[in-house]
Amino acid sequence: MAAEFAEGRRAGFRVVTIDGPAGAGKSTVARLLADRLGWRFLDTGAMYRAVALAALRAGVDLADALALDRLTADLRVELPPGRVLLGGEDVSRAIRDAAVTQATRFAADCVEVRSRLVAWQRAFAGTADTVTEGRDQGTIVFPDAHRKFFVTAADEHRARRRLAELQSSGAVVDFETVLADQTRRDAQDAARAIAPMKPADDAEVVDTTRLSVDEVVDLLFQKVAARP
Ligand code: C5P
């Protein structure tokens, strides 16, 4: 069915957007959904993180929008399946560091950076059917997307999931810290003056609290396939 659906393309390329708060499992679900559909996967959070990592490495003042914009203009970020490359270097792990996560807010709040990344995102989705994941994909970047989902889960559930992820990658953290970081990041993402995190008017909200990853992927796949 995935292959049939992949071949069902007519004019233009289709986009499925998956937005939602940190730790809702969007990346995993979006990647698996893209595999199942035979589409490409775009992790837009990784792009903002790559800009933040490059800025930290270059010692750029994160509050200087002009400097961030100049830095972004010269960056080469590539997203081959499952990896993030910055100027050819694999930074898939480095962009998940706590310091980078904190600095990412500056890239995300910067109008100039956003407009460059939005252009990259549209170019990426202009060459193949794409499942894209982020905060503003359904609202700002792809208002005409084929299907839009806003994936969320209970706060504590998201924090527990994130804690397990961090611990499995060797980080020493506790639940309270993870929950507090998550709450702060959600509030910043929702309150952003430009492209705040929110469901698009025509997005379907999917609460994953009681669902396994496979169940969420099945659910979204059925919904996408129901509208070829
Ligand atoms: O999804 P992820 O946690 O990797 O995103 C990191 C940060 O990048 C988010 O907290 C948000 O501030 C920013 N972001 C954004 N717009 C997107 C994707 C991510 O502002 N489309």
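Refer to the structure presented above.
This is a predicted model, so every value here is computed, not measured.

Enquirer: Describe in detail the site of the ligand, supporting the description with residues and values.
Expert: Around the ligand sit 16 residues, and of these Arg49, Arg114, Asp136, Arg185 and Asp189 come closest. With respect to the ligand, the side chain of arginine 114 contributes an N or O atom lying 2.9 Å from an oxygen atom. Between the ligand and arginine 192, the relevant distance is 3.3 Å, taken from an oxygen atom to a side-chain nitrogen or oxygen of the residue. Here the ligand, which alone exposes 460 Å², has 95% of that area covered by the protein. Elements that contribute at least two residues to the shell around the ligand include exactly α3 (44-58), α5 (98-109), β6 (130-134) and α9 (175-191).

Enquirer: Just give me the short version of the environment of aspartate 19, but keep the residues and values in it.
Expert: Within the secondary structure, aspartate 19 sits in strand β1 (residues 15-19). Take aspartate 19: its relative accessible area is 4%, and that puts it in the buried class. Note: C-alpha distance between aspartate 19 and glutamate 165 (146 residues apart in sequence) is 20 Å. In contact with aspartate 19, other than residues within four places in its own chain, are Lys26, Gly134, Arg135, Asp136, Gln137, Gly138, Thr139, Phe149, Phe150 and Val151. Within polar-contact distance, the side chain of aspartate 19 engages the backbone nitrogen of glycine 138 at 2.7 Å.

Enquirer: Mind laying out the packing of helix α2 (residues 26-37) against helix α10 (residues 213-225), listing which residues take part and the relevant values?
Expert: Across the interface, α2 lies against α10 with an axial gap of 9 Å and an inter-helix angle of 50 degrees. Considering the angle they form, α2 stands oblique to α10. As α2 runs across α10, the sense of the crossing is right-handed. Seen from α2, the contacting residues are Thr28, Val29, Leu32, Leu33, Arg36 and Leu37; seen from α10, they are Val213, Val216, Val217, Asp218, Leu220, Phe221, Gln222 and Val224. Split into classes, the residues belonging to the contact of α2 with α10 amount to 10 nonpolar, 2 polar and 2 charged.

Enquirer: Mind laying out the packing of helix α8 (residues 155-168) against α9, listing which residues take part and the relevant values?
Expert: Axis separation between α8 and α9 bottoms out at 9 Å; the angle between their running directions is 120 degrees. It follows from the interaxial angle that α8 and α9 lie oblique. Between α8 and α9 the crossing geometry is right-handed. Judged by residue contacts, Asp155, Glu156, Arg158, Ala159, Arg160, Arg162, Leu163 and Leu166 of α8 engage Phe175, Val178, Leu179, Gln182 and Asp186 from α9. Its residues assigned to classes, the contact of α8 with α9 comprises 6 nonpolar, 1 polar and 6 charged.

Enquirer: Could you give an account of helix α4 (residues 65-73), with specific residues and numbers?
Expert: Along α4, the positions that sit buried rather than exposed are Ala67, Leu68, Asp69, Leu71 and Thr72. Backbone nitrogen of leucine 66 and a side-chain oxygen of the N-cap are separated by 3.2 Å at the start of α4; the cap is aspartate 64.

Enquirer: Give me the lowdown on the sheet that holds strand β3 (residues 77-78), citing residues and values where you can.
Expert: Across the sheet, 3 strands lie side by side as β3-β4-β5; this open sheet has antiparallel pairing. The two strands at the open ends of the sheet, each matched to only one other strand, are β3 and β5 (89-90).

Enquirer: Give a detailed account of the pattern of salt bridges, specifying residues and quantitative values.
Expert: Applying the stated criterion to the full structure yields 19 salt bridges. Arginine 36 is the partner of aspartate 218 in a salt bridge, and the nearest nitrogen-oxygen pair spans 2.6 Å. Linking aspartate 218 in helix α10 with arginine 36 in helix α2, this pair joins segments that are 182 residues apart in sequence. A relative accessible area of 34% places aspartate 218 in the partly exposed class.

Enquirer: Can you break down the nonpolar core residue by residue, with the values?
Expert: In terms of nonpolar packing, the biggest core is built from 28 residues, with Val51, Leu68, Leu79, Leu86 and Val113 touching the most fellow members. The greatest single-element share of this core, amounting to 9 residues, is contributed by α3. Setting aside anything within four residues of it in sequence, one finds leucine 79 in contact with Leu42, Asp43, Ala46, Met47 and Val84. Grouped together as the second largest cluster of nonpolar side chains are 20 residues, Val16, Ala24, Val131 and Val217 included.

What counts, and where the lines are drawn
- Residues numbered from 1 in each chain as written.
- Predicted model: local features only at pLDDT ≥ 70, side-chain atom pairs only at ≥ 80, totals over all residues.
- Heavy atoms only, no water.
- Near = heavy atom within 4 Å.
- Polar contact = N/O pair within 3.5 Å; in protein donor to acceptor, adjacent residues only side chain to side chain.
- Areas by Shrake-Rupley, 256 points an atom, 1.4 Å probe, with all protein chains shown as cover.
- Helix = DSSP H or I, 4+ residues; strand = E, 2+ residues; numbered from the N terminus.
- Buried < 20%, exposed > 50% of the residue type's maximum accessible area, 1.4 Å probe, protein only.
- Contact = heavy atoms within 4.5 Å.
- Axes fitted to C-alpha atoms, helices over the stretch in contact; angles between N-to-C directions.
- Parallel < 35°, antiparallel > 145°, perpendicular 65-115°, else oblique.
- Left-handed = near helix turned anticlockwise from the far one by under 90°.
- Nonpolar A, V, L, I, M, F, W, Y, C, P; charged D, E, K, R; others polar.
- Pairing = 2+ DSSP bridges.
- Salt bridge = Lys/Arg side-chain N within 4 Å of Asp/Glu carboxyl O.
- Core = buried A, V, L, I, M, F, W, Y, C linked by side-chain atoms within 4.5 Å.

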